[in-house]
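So the chains spell out like this:
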Amino acid sequence: MEQEIVRKEPTPAPSASGSGATPVPITTIEAESTVRISTGIAEVDRVLGGGMVPNGYFLLGGDPGIGKSTLLLQIAAFVSRQGPVLYITAEESAAQTRIRAQRLGALPDQLYVMAEGNIRIIESVITSRSWQLVVVDSLQTVYDAEIESAPGSVGQVRGIAARLMKVAKTMCPIFLVGHVNKEGSMRPAA
Ligand SMILES: Nc1ncnc2c1ncn2[C@@H]1O[C@H](COP(=O)(O)OP(=O)(O)OP(=O)(O)O)[C@@H](O)[C@H]1O
Ligand SMILES: [Mg+2]
């Protein structure tokens, strides 16, 4: 058993004045207008229901070494044809990512790489401009210095996932890598 301290953030007073908080009849919602962004890989598009929705938040889980980083780098390179894409790696160096991209034959100008694990810095970079897509590799290695537990712990993973979801909702689609442990779960090993 391990003690974990989770600091609670002050919550601003809720307001219903924003348009998002207004209930609307389901029949009046336009569903046809939802644009889908292709990942460039037909099978991934199919799994996503026809491609990524703008402001979508996607979690790609898989065993270690299964090819998560490679797949997302390919997707990032493809999507960057339409606009700037940010690939954030908290696991490898920017140089390692470049070597992989080179091997894949994918070195487009609009693909940006940042080797960073601090969520606060990541948030500020994502919100600094508009991105077509952001990839975060991985959920278990990004950390919040405000949370007093190690990266990958329950408190950290929960906090990081929630913060990135908020950014995705307001900024751009985010693809998140999640490691699956031996038990087949994405939760940190006990
Ligand atoms: N579709 C594929 N076919 C063959 N080899 C692949 C494929 N995708 C990735 N690989 C190779 O498998 C190895 C692991 O890939 P990658 O690093 O992308 O996996 P990962 O899931 O991100 O691993 P980790 O859990 O360590 O982050 C690399 O050597 C990569 O070149
Ligand atoms: Mg990887």
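- In the nomenclature of an unreviewed UniProt entry, the protein is known as RecA family profile 1 domain-containing protein of Sulfobacillus thermotolerans.

### Side note on the overall build of the protein
Part 1 of the reasoning: Along its length, the protein carries five helices and five strands.
Part 2 of the reasoning: Helices (α) and strands (β) of the protein occur, in sequence order from the N terminus, as α-β-α-β-α-β-α-β-α-β.
Part 3 of the reasoning: A globule of 190 residues ought to have a C-alpha radius of gyration of about 16 Å, and the protein, at 18 Å, matches this closely.
Part 4 of the reasoning: Each principal axis of the C-alpha atoms in the protein carries an extent, and together these give about 50 × 50 × 35 Å.
Part 5 of the reasoning: Here the protein, with 190 residues, has 38% of them falling under the buried criterion.
Part 6 of the reasoning: Taking the intrachain contacts of the protein between residues at least 6 apart in sequence as the baseline, contacts between residues at least 24 apart amount to 71%.
Part 7 of the reasoning: For the protein, the computed accessible surface area is about 11,400 Å², with 56% contributed by carbon and sulfur atoms.
Part 8 of the reasoning: Computed over 17 positive and 18 negative side-chain charges, the separation of the two mean positions in the protein equals 1 Å.

### Brief notes about the sheet that holds strand β2 (residues 85-89)
Part 1 of the reasoning: Spatial ordering of the open sheet is given by β1-β5-β4-β2-β3, a layout of five strands whose pairing is parallel. Since the sheet does not close on itself, it has two edges, and those belong to β1 (57-62) and β3 (111-115), each with one partner. Across the sheet, the mean angle from the axis of one strand to that of its neighbour is 20°, orientation sign disregarded.
Part 2 of the reasoning: Summarising the sheet, β1 and strand β5 (residues 174-179) pair through six bridges and their orientation is parallel. When the bridges of β5 are listed, Gly61 appears paired with Gly178.

### A closer look at the pairing of β3
Part 1 of the reasoning: Bridge count between β2 and β3: five bridges; the pairing is parallel. Each residue of the ladder has a partner; that of Tyr87, found in β3, is Val113.
Part 2 of the reasoning: You can see the chain leave β2, run along helix α3 (residues 94-104) and come back into β3, and the turn it takes is right-handed.

### A short note on a nonpolar patch on the surface
Part 1 of the reasoning: A contiguous nonpolar surface patch, about 330 Å² in accessible area, is contributed by Val24, Ile26 and Ile29.
Part 2 of the reasoning: Along the chain, the position of Ile26 falls in the segment before α1 (42-47).

### Remarks on the packing of helix α4 (residues 119-127) against helix α5 (residues 154-170)
Part 1 of the reasoning: Axis separation between α4 and α5 bottoms out at 11 Å; the angle between their running directions is 10°. The orientation of α4 relative to α5 falls into the category roughly parallel. In this structure, α4 contributes Ile119, Arg120, Ile122, Glu123, Ile126 and Thr127 to the contact, and α5 contributes Ile160, Arg163, Leu164 and Val167.
Part 2 of the reasoning: Counted by class, the contact of α4 with α5 contains six nonpolar, one polar and three charged residues.

### Overview of the site of ligand 1
Part 1 of the reasoning: As a structural note, the neighbourhood of ligand 1 is formed by Asp63, Pro64, Gly65, Ile66, Gly67, Lys68, Ser69, Thr70, Glu91, Arg100, Arg103 and His179.
Part 2 of the reasoning: Contact distances for ligand 1 include 3.3 Å between an oxygen atom and a backbone N or O atom of Ile66.
Part 3 of the reasoning: Residue Glu91 places a side-chain N or O atom 3.5 Å away from an oxygen atom belonging to ligand 1.
Part 4 of the reasoning: Protein chains shield 51% of the accessible area of ligand 1, which is 630 Å² for the free molecule.
Part 5 of the reasoning: Counting only elements with at least two residues in the shell around ligand 1, the list comes to α2 (68-79) and α3.
Part 6 of the reasoning: A total of three residues in the shell around ligand 1 trace back to one element, the largest contributor, which is α2.
Part 7 of the reasoning: Split into classes, the residues belonging to the shell around ligand 1 amount to two nonpolar, five polar and five charged.

Reading the values: rules and limits
Residues numbered from 1 in each chain as written. Chains lettered and ligands numbered in written order. Predicted model: local features only at pLDDT ≥ 70, side-chain atom pairs only at ≥ 80, totals over all residues. Heavy atoms only, no water. Helix = DSSP H or I, 4+ residues; strand = E, 2+ residues; numbered from the N terminus. Rg over C-alpha atoms; globule rule 2.2 N^0.38 Å. Buried < 20%, exposed > 50% of the residue type's maximum accessible area, 1.4 Å probe, protein only. Contact = heavy atoms within 4.5 Å. Areas by Shrake-Rupley, 256 points an atom, 1.4 Å probe, with all protein chains shown as cover. Lys, Arg positive; Asp, Glu negative; His and termini not counted. Charge placed at Lys NZ, Arg CZ, Asp CG, Glu CD. Pairing = 2+ DSSP bridges. Axes fitted to C-alpha atoms, helices over the stretch in contact; angles between N-to-C directions. Right-handed = clockwise from strand over helix to strand, strands pointing away. Patch = residues over 30% accessible without salt bridge, like charges linked within 9 Å, V, L, I, M, F, W, Y side chains within 5 Å. Salt bridge = Lys/Arg side-chain N within 4 Å of Asp/Glu carboxyl O. Parallel < 35°, antiparallel > 145°, perpendicular 65-115°, else oblique. Nonpolar A, V, L, I, M, F, W, Y, C, P; charged D, E, K, R; others polar. Near = heavy atom within 4 Å. Polar contact = N/O pair within 3.5 Å; in protein donor to acceptor, adjacent residues only side chain to side chain.

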